[in-house]
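# A structural walkthrough
Each chain is listed here by its residues.
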Amino acid sequence: MFRNMRRIRQQLSDAECIAILKNELRGVLSVLGDDDWPYGMPLNHWYCEADGVLYFHGGTSGHKIDAVTKHDKASFCVYDTGERRAGDWALHFRSVIVFGRVKIIADREKTLEICRQLSAKFTSDTAYIEDEIQQAGDAVLCFALIPEHITGKRVKES
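Conventions used here
Residues numbered from 1 in each chain as written. Predicted model: local features only at pLDDT ≥ 70, side-chain atom pairs only at ≥ 80, totals over all residues. Heavy atoms only, no water. Helix = DSSP H or I, 4+ residues; strand = E, 2+ residues; numbered from the N terminus. Buried < 20%, exposed > 50% of the residue type's maximum accessible area, 1.4 Å probe, protein only. Contact = heavy atoms within 4.5 Å. Disulfide = S-S within 2.5 Å. 1 Å grid on protein atoms, 1.4 Å probe; cavity = no way out; pocket = protein on both sides within 12 Å on 5 of 7 lines; lining within 4 Å. Points joined across faces, edges and corners; volume = space filled by probe spheres on them. Nonpolar A, V, L, I, M, F, W, Y, C, P; charged D, E, K, R; others polar. Patch = residues over 30% accessible without salt bridge, like charges linked within 9 Å, V, L, I, M, F, W, Y side chains within 5 Å. Areas by Shrake-Rupley, 256 points an atom, 1.4 Å probe, with all protein chains shown as cover. Salt bridge = Lys/Arg side-chain N within 4 Å of Asp/Glu carboxyl O. Lys, Arg positive; Asp, Glu negative; His and termini not counted. Charge placed at Lys NZ, Arg CZ, Asp CG, Glu CD.

### Some words on the overall build of the chain
When its secondary structure is counted, the chain shows four helices and eight strands. Taken from N to C terminus, the helices and strands of the chain fall in the order α-β-β-β-β-α-β-β-β-α-α-β. A principal-axis box enclosing the C-alpha atoms of the chain has dimensions of 50 × 40 × 25 Å. By the burial criterion, 37% of the 158 residues in the chain qualify as buried. Long-range pairs, those at least 24 residues apart, make up 72% of the contacts in the chain with a sequence separation of at least 6.

This is how it looks when you write it as structure tokens:
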């Protein structure tokens, strides 16, 4: 169902893919939008090691929600900041693409926990996080990308 990587020597291990998903702050979620036009949007995410699922948050309505409600298949691309090696102009980086299906989170307590975990990637100030959840928590919708296939590779821009 999913293609094998063509340049197999550049393939990342499962552990490397998970590390990138856990540690990087943002990626691009791609879905089928209006009239089946591709729609990609930058989003922050939380990768939950306990269930192997990616979680996102956003508003309760809009283009993104309409798209994932109509077509549950999506992909999410994340890449690290990369590095320039001595004497080399090219950027070396690692990227991961997750293919999966989107599911809206209906459980309110789960939604609030996802919001806490997402916020913790940006700040350790729990008082600030709880205040934000208290103020905006009712206007948040969370959704999951349940992976069906994860692939990652090393890239050298050249």
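### Considering the environment of Ile8
Tracing the backbone shows Ile8 in the segment before helix 1 (14-23). Along the chain, Ile8 and Lys153 lie 145 residues apart, while their C-alpha atoms are 8.5 Å from each other.

### Some remarks on the state of the cysteines
Enumeration over the complete set of coordinates arrives at zero disulfides. Here Cys142 stays free of any disulfide, with the sulfur of Cys115 as its closest cysteine sulfur at 3.9 Å.

### Side note on the layout of surface pockets
When its volume is computed, the largest pocket comes out at roughly 440 Å³. Around the largest pocket, the lining is made up of 19 residues, and of these Asn4, Met5, Arg6, Thr151 and Lys153 lie nearest the centre. Those elements giving two or more residues to the lining of the largest pocket turn out to be strand 7 (91-104) and strand 8 (141-156). The element best represented in the lining of the largest pocket is strand 8, accounting for seven residues. For the lining of the largest pocket, a count of residues per class yields seven nonpolar, six polar and six charged.

### With respect to a negative patch on the surface
A cluster of acidic residues, Asp34, Asp35, Asp36 and Asp66, forms a negative patch on the protein surface. Mapped onto the secondary structure, Asp35 falls in the loop between strand 1 (26-32) and strand 2 (38-44). Residue class for Asp35 comes out exposed when judged on its relative accessible area of 69%.

### Some words on unusual backbone geometry
Even without being glycine, Asp35 reaches a positive phi, approximately 55 degrees. Phi angles above zero are rare outside glycine, and Asp36 is one such case at about 60 degrees. Following the sequence through the fold, Asp36 ends up in the loop between strand 1 and strand 2. A residue is classified by how much of its surface remains accessible, and Asp36, at 42% relative accessible area, is partly exposed.

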